[in-house]
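Topology and contacts: notes
Given next are the chains, with one letter for each unit.
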Amino acid sequence: AAALLIAAASSVPAASSEADFKAAYAAAEAANQRAGQLRDQWTATAAALADAKKAAIGGDFDKAVASSKEAEALARASILQAESEKQAWKALEIH
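Residues numbered from 1 in each chain as written. Predicted model: local features only at pLDDT ≥ 70, side-chain atom pairs only at ≥ 80, totals over all residues. Heavy atoms only, no water.

Let's shift gears to the packing of aromatic side chains. Taken as a whole and judged by the stated rule, the model has two aromatic pairs. With a centroid separation of 5.4 Å and an interplanar angle of 45 degrees, the aromatic rings of phenylalanine 21 and tyrosine 25 are classed as tilted. Of this pair, phenylalanine 21 and tyrosine 25 both sit in helix α2 (residues 18-37), four residues apart, roughly one helical turn. Here phenylalanine 21 and tyrosine 25 have matching classes, each one buried. Relative to phenylalanine 61, the ring of phenylalanine 21 lies with its centre 6.4 Å away and its plane at 40 degrees, an arrangement referred to as tilted. Within this pair, whereas phenylalanine 21 is found in helix α2, its partner phenylalanine 61 is found in helix α4 (residues 61-92), the two being separated by 40 residues in sequence. Phenylalanine 61 matches phenylalanine 21 in its accessibility class, with the two residues each being buried. (Phe/Tyr/Trp six-rings, centres within 6.5 Å; stacked < 30°, edge-to-face > 60°. Helix = DSSP H or I, 4+ residues; strand = E, 2+ residues; numbered from the N terminus. Buried < 20%, exposed > 50% of the residue type's maximum accessible area, 1.4 Å probe, protein only.)

Okay, here's the thing in structure tokens:
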């Protein structure tokens, strides 16, 4: 029975802290700034960052971290889009 309790307890993720939020938010901000440099920031990224900040202010760091990670993923996707489109136009050019 004790082994079952230990196994169940170890499968529950630890609650996120303010430090976890700050690290995740900083990574998302950095990716979003890079997207801005490429002139390809998405409004969905800004919304996820706003949700993250709102959750952190409310003390819900699990949600704040999740929203920050979502924002980072969106920013990275927008970077990928910008970089691929930078090359893709060449395939459409008439030779």
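For the protein chain, mean pLDDT is 88; residues scoring 70 or higher make up 83% of the total. No element of the protein chain has a lower mean pLDDT than helix α1 (residues 2-10), at 46, and none a higher one than helix α3 (residues 43-57), at 98. Note that residues 2-10 has pLDDT below 50 and, in this model, zero contacts with residues that lie over four places away or in other chains. (pLDDT = per-residue confidence, 0-100. Contact = heavy atoms within 4.5 Å.)

Turning our eyes to something else, we now look at α2. In a regular helix each residue adds 1.5 Å, so 20 residues correspond to 28 Å; α2 covers 28 Å between its end C-alpha atoms and thus fits that length. Among the residues of α2, Phe21, Ala24, Tyr25, Ala28, Ala31, Asn32 and Ala35 are the ones counted as buried. Mapping the buried residues of α2 onto a view down its axis gives an arc of 125 degrees, with all of them on the same face. In α2, the exposed residues that point more than 90 degrees away from the buried face are Ala19, Lys22, Gln33 and Gln37. Along its buried surface, α2 packs onto α3 and α4. Taking the backbone nitrogen of alanine 19 as reference, a side-chain oxygen 3.3 Å away marks serine 17 as the first, capping residue of α2. Downstream of α2 by one or two residues, arginine 39 has phi in the positive range, about 60 degrees. (Expected span 1.5 Å × (residues − 1). Arc of directions from axis to C-beta. Polar contact = N/O pair within 3.5 Å; in protein donor to acceptor, adjacent residues only side chain to side chain.)

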